[in-house]
Amino acid sequence: TGAIGLYNVGQSCCLNSLLQVFLMNIHFTGILRRMTVPPRAGQKNRNVPYQMLLLLEEMQCGKQKAVFPIPLARCLSVYRVKLFVQHDAAQLFLTLWNLIKDQMKKPELVEELSSLYTICVQEHLACQKCSLETKRKSKMLTLPLPMLDADSCVLKTLEDCLQYFFRPEELTDHNMCFCEQCGRKTPFLQSMKLVHLPQTLTIHLKRFCFGESFYVHKLSHYLPFPQDLDFNAILTENQCQADDNEKASWQYELFAVVAHSGSTSCGHYCAYIRSLTECKWYCFNDSQVCQVSWDDVKCTYGHSNLNW
């Protein structure tokens, strides 16, 4: 009957925003609904995906504007996810996803969950003095995109950030690697190639940098992102390690934005999510939920005065 909010139960705005992004994703909830229900009460209380399923059912069956996520918050506290603490959304997303994956008992559901969210890349290291090259495939849950280049200059669009993330990098001077074929440290060329993108792609804009004395400050500058994203139009052939069938699925529509206002020391999270069933945008601000326009979503592009 409409989008339902979550009450803030102790600086839980970050948790609430991420839960809404998970539970508004019908591909995720389709997996969640098929999970094995823990047999004992104690196991149910400590099982994160089961508590998420109960929360989902309460949100869908109730007629109130918002529900309390207290049982799930209590469950997460067993795994050191504390309330009354300002969490980082990217870190909490990784924590939640790992807890969900580890506690799903059916191997086929774990596989589906991984397929829904996991990115696969191939890392290359090539010695610049000889022909030695090493390759290694690795998996990622997010693309952590820098918003500044190596000279601390601002990257101006999401596409710029993606191109910079996948650029080859020369490892010289104190960054040189030991080459077994040369028998000494030599300059290397390090690069990363995209192998596989999941159905739901998560991009992490790294809106922070380290200043003097390791002081962390927030990067609030303007950075636009599109509603539609085609990786084939952004990355070069040298930045991909995939066939045409794989690349054909590398086209995305924006589904959700988790936005932070404030500074690194204090602030507030909310989520802008496009309903996959209604194709309408909503702003989830804890217990307050309202329909919004694409222009409202664009306020999360950032602005030094707004501190988004």
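Residues numbered from 1 in each chain as written. Predicted model: local features only at pLDDT ≥ 70, side-chain atom pairs only at ≥ 80, totals over all residues. Heavy atoms only, no water.

- The name given to the protein in an unreviewed UniProt entry is UBP18 hydrolase, with Rissa tridactyla as the source organism.

1. A look at the side chain of Gln-20
Stage number 1. Residue placement: Gln-20 occurs in helix α1 (residues 13-23).
Stage number 2. Within the structure, the side chain of Gln-20 is placed 2.8 Å from the backbone oxygen of Ile-4, a separation counted as a polar contact. (Helix = DSSP H or I, 4+ residues; strand = E, 2+ residues; numbered from the N terminus. Polar contact = N/O pair within 3.5 Å; in protein donor to acceptor, adjacent residues only side chain to side chain.)

2. Observations regarding the environment of Leu-18
Stage number 1. Of note, Leu-18 is situated in helix α1.
Stage number 2. In this structure, the C-alpha to C-alpha distance between Leu-18 and Ala-256, residues 238 residues apart in sequence, is 9.9 Å.

3. Thoughts on the sheet that holds strand β18 (residues 288-292)
Stage number 1. Taken in spatial order, the four strands line up as β15-β16-β17-β18 in an open sheet, and their pairing is antiparallel. Because the sheet does not close on itself, it has two edges, and the strands there are β15 (256-262) and β18. Taking each pair of neighbouring strands and ignoring which way they run, the sheet shows an average axis angle of 25°.
Stage number 2. In terms of strand pairing, strand β16 (residues 267-274) meets strand β17 (residues 281-285) through four bridges, oriented antiparallel. Paired with Tyr-272 across the bridge in β17 is Cys-283.
Stage number 3. The sheet contacts of α1 involve β15, β16 and β17, and relative to β16 the element is tilted by about 10°. (Pairing = 2+ DSSP bridges. Axes fitted to C-alpha atoms, helices over the stretch in contact; angles between N-to-C directions. Contact = heavy atoms within 4.5 Å.)

4. Some words on the environment of Thr-264
Stage number 1. In this fold, Thr-264 is placed in the loop between β15 and β16.
Stage number 2. With 204 residues separating them in the primary sequence, Thr-264 and Gln-60 have C-alpha atoms 34 Å apart.
Stage number 3. Not counting residues up to four positions away in its chain, the partners in contact with Thr-264 are Gln-86, Val-216, His-217 and Lys-218.
Stage number 4. Within the structure, Thr-264 has its side chain in polar contact with the backbone oxygen of Val-216 (distance 3.3 Å).

5. Remarks on unusual backbone geometry
Stage number 1. At Arg-80, a residue that is not glycine, the phi angle is positive and equals roughly 65°.
Stage number 2. Position of Arg-80 among the secondary structure elements: in the loop between α5 (70-77) and α6 (89-103).
Stage number 3. A relative accessible area of 73% places Arg-80 in the exposed class. (Buried < 20%, exposed > 50% of the residue type's maximum accessible area, 1.4 Å probe, protein only.)

6. Considerations on the packing of aromatic side chains
Stage number 1. Within this structure, the stated rule accounts for twelve aromatic pairs.
Stage number 2. Taking 4.3 Å as the distance between ring centres and 25° as the angle between the ring planes, the aromatic pair formed by Tyr-7 and Phe-68 counts as stacked. With Tyr-7 in the loop between β1 (5-6) and α1 and Phe-68 in the loop between β2 (66-67) and α5, the pair connects residues that are 61 residues apart, well separated along the chain.
Stage number 3. Take Phe-68: its relative accessible area is 45%, and that puts it in the partly exposed class.
Stage number 4. When the centroid spacing of 5.1 Å and the interplanar angle of 85° are considered together, the rings of Phe-165 and Phe-166 count as edge-to-face. The pair Phe-165 / Phe-166 is uniform in exposure class, with both members buried.
Stage number 5. Pairwise contacts between aromatic rings join Phe-22, Phe-28, Phe-93 and Tyr-117 into one cluster.
Stage number 6. Between Arg-167 and the ring centre of Tyr-164, over which it is positioned, the NZ or CZ distance is 3.8 Å. (Phe/Tyr/Trp six-rings, centres within 6.5 Å; stacked < 30°, edge-to-face > 60°. Lys NZ or Arg CZ within 6 Å of the ring centre and 35° of its normal.)

7. Details of α5
Stage number 1. Within α5 the residues assigned to the buried category are Leu-72, Ala-73, Cys-75 and Leu-76. One side of α5 holds all its buried residues, which, seen down the axis, span an arc of 160°.
Stage number 2. On its buried side, α5 packs onto α1, α3 (41-45), α4 (48-61) and α6. (Arc of directions from axis to C-beta.)

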